[in-house]
Amino acid sequence: MTSTHEPSLTSPVPELSGHGLRLLPWDADSPADAEAWLRGLTDPEFRRWNTPLRQVEDLAAARASLRAKAERAADGADVTFRVVDAESGTTLGQIGVNMIDRLMSTARVGYWVLPEARGRGVATRALLLAGHWALTDLGLHRLELGHALGHDVSCRTAERCGFPAEGTLRGAMWEDERRSTYRDVHLHARLATDPEVTATAAP
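These numbers were taken from a predicted model, which means no experiment stands behind them. (Residues numbered from 1 in each chain as written. Predicted model: local features only at pLDDT ≥ 70, side-chain atom pairs only at ≥ 80, totals over all residues. Heavy atoms only, no water.)

## Observations concerning the packing of helix H1 (residues 31–42) against helix H3 (residues 59–75)
Across the interface, H1 lies against H3 with an axial gap of 9 Å and an inter-helix angle of 100°. On the basis of the axis angle, H1 is roughly perpendicular to H3. From H1, Asp33, Ala34, Glu35, Trp37 and Leu38 reach across to H3, where they touch Leu59, Ala62, Arg63, Ser65, Leu66 and Lys69. The residue makeup of the contact of H1 with H3, split by class, is 6 nonpolar, 1 polar and 4 charged. (Axes fitted to C-alpha atoms, helices over the stretch in contact; angles between N-to-C directions. Helix = DSSP H or I, 4+ residues; strand = E, 2+ residues; numbered from the N terminus. Parallel < 35°, antiparallel > 145°, perpendicular 65-115°, else oblique. Contact = heavy atoms within 4.5 Å. Nonpolar A, V, L, I, M, F, W, Y, C, P; charged D, E, K, R; others polar.)

So, in C-alpha cells, the structure goes:
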C-alpha cells in the first residue's frame with residue numbers, strides 16, 4: 001500500500017494504491033467523474049440503505065456535491081476518494097473518511113460501489129486501504145463505520161476488515177429516502193492499536 005505524498009489535512013486528497021485499487025481525488029470538472037458520482041448516489045441499492053443530507057438528482061447537483069466535498073477536504077473535515085481499478089482505471093465506487101475530529105482523533109468511514117463493480121470485493125479492498133491510511137498516515141486513533149440494521153453485506157465487509165461490531169444505535173439514521181422516520185444503525189469500529197488485518201478480497 002502506497003501514498004504518492006505525505007498527506008496533511010490542508011493538502012489535496014492523497015492518492016493511495018494497494019489491493020488492486022487506486023484511491024484518487026474526484027474532479028468536479030470531469031464529466032466522467034460527475035456522471036459516476038450521480039450514478040452512485042441515485043442507484044436504488046444505495047438509496048435503499050442511505051438518505052444523504054442533500055439529494056443529488058442531476059449532473060449539475062453532482063458537480064456541486066463534488067465541489068462541496070473538495071471544500072470539506074481542504075477544511076480537514078472529510079477526505080473523499082474515487083475508487084479505481086488499478087489496471088484499467090475504471091471508476092468502481094467511492095470511499096470517504098468523514099467527520100474527522102482531530103481533538104478526539106476519530107472519524108467515520110462510508111463507501112458505495114457502482115452496480116457493475118459489485119461482487120468483486122471492491123468495498124473490502126477499498127476499506128482496507130483507506131482504513132490503514134486513516135489510522136497511520138492521517139494519525140487517527142479510532143475509525144467508526146455505521147450501517148443500517150439489516151444491511152448484512154456491509155456488516156460482513158466491516159468485520160472482514162477488522163471493524164468488530166460494538167452495538168446498535170437506536171433511531172440513528174433516516175429511513176430510506178424519508179426524513180420523517182428513523183431506523184437503527186449497527187456500529188463497528190477499528191482502533192489504530194488493533195492487530196493488522198490480512199483479509200481476502202471476498203465480496
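## Things to note about the pairing of strand S4 (residues 79–85)
Buried residues dominate S4, accounting for 7 of its 7 residues. Burial of S4 is two-sided: the residues Val79, Phe81, Val83 and Asp85 facing one way and the residues Thr80, Arg82 and Val84 facing the other way are all buried. In terms of strand pairing, strand S3 (residues 21–25) meets S4 through 5 bridges, oriented antiparallel. For Arg22, the partnering residue across the bridge sits in S4 and is Val84. Here S4 runs beside strand S5 (residues 91–101); their pairing, made up of 6 bridges, is antiparallel. Pairing of Arg82 across the sheet is with Gln94, part of S5. Linkage of S4 to S5, two consecutive antiparallel strands, is achieved through a turn of 5 residues, within which Gly89 is found at a positive phi near 80°. (Buried < 20%, exposed > 50% of the residue type's maximum accessible area, 1.4 Å probe, protein only. Pairing = 2+ DSSP bridges.)

## Overview of the pattern of salt bridges
Taken as a whole and assessed by the stated rule, the structure comprises 13 salt bridges. As a salt-bridge pair, Asp85 and Arg120 come within 3.9 Å of each other at their nearest N and O atoms. Separated by 35 residues along the polypeptide, Asp85 in strand S4 and Arg120 in the loop between strand S6 (106–113) and helix H4 (122–135) bring together distant segments of the chain. Each of the salt bridges in this network shares a partner with another, and the network as a whole consists of Arg108, Arg142, Glu144 and Glu166. (Salt bridge = Lys/Arg side-chain N within 4 Å of Asp/Glu carboxyl O.)

## Points about helix H5 (residues 152–160)
All of the buried residues along H5 are Ser154, Cys155, Thr157 and Ala158. Seen end-on, H5 carries its buried residues on one side only, within an arc spanning 165°. Its buried side turned inward, H5 meets S6, H4, strand S7 (142–148) and strand S9 (182–191). (Arc of directions from axis to C-beta.)

## Points about the packing of aromatic side chains
Within this structure, the stated rule accounts for 4 aromatic pairs. Look at Trp26 and Trp37: their rings are 5.0 Å apart centre to centre, the planes differ by 75°, and that puts the pair in the edge-to-face class. Placement of the pair is Trp26 in the loop between S3 and H1 and Trp37 in helix H1, with a sequence separation of 11 residues. Ring geometry for Trp26 and Trp112: centres 6.3 Å apart, planes at 45°, overall tilted. Taken as a pair, Trp26 in the loop between S3 and H1 and Trp112 in strand S6 lie far apart in primary sequence, 86 residues in all. (Phe/Tyr/Trp six-rings, centres within 6.5 Å; stacked < 30°, edge-to-face > 60°.)

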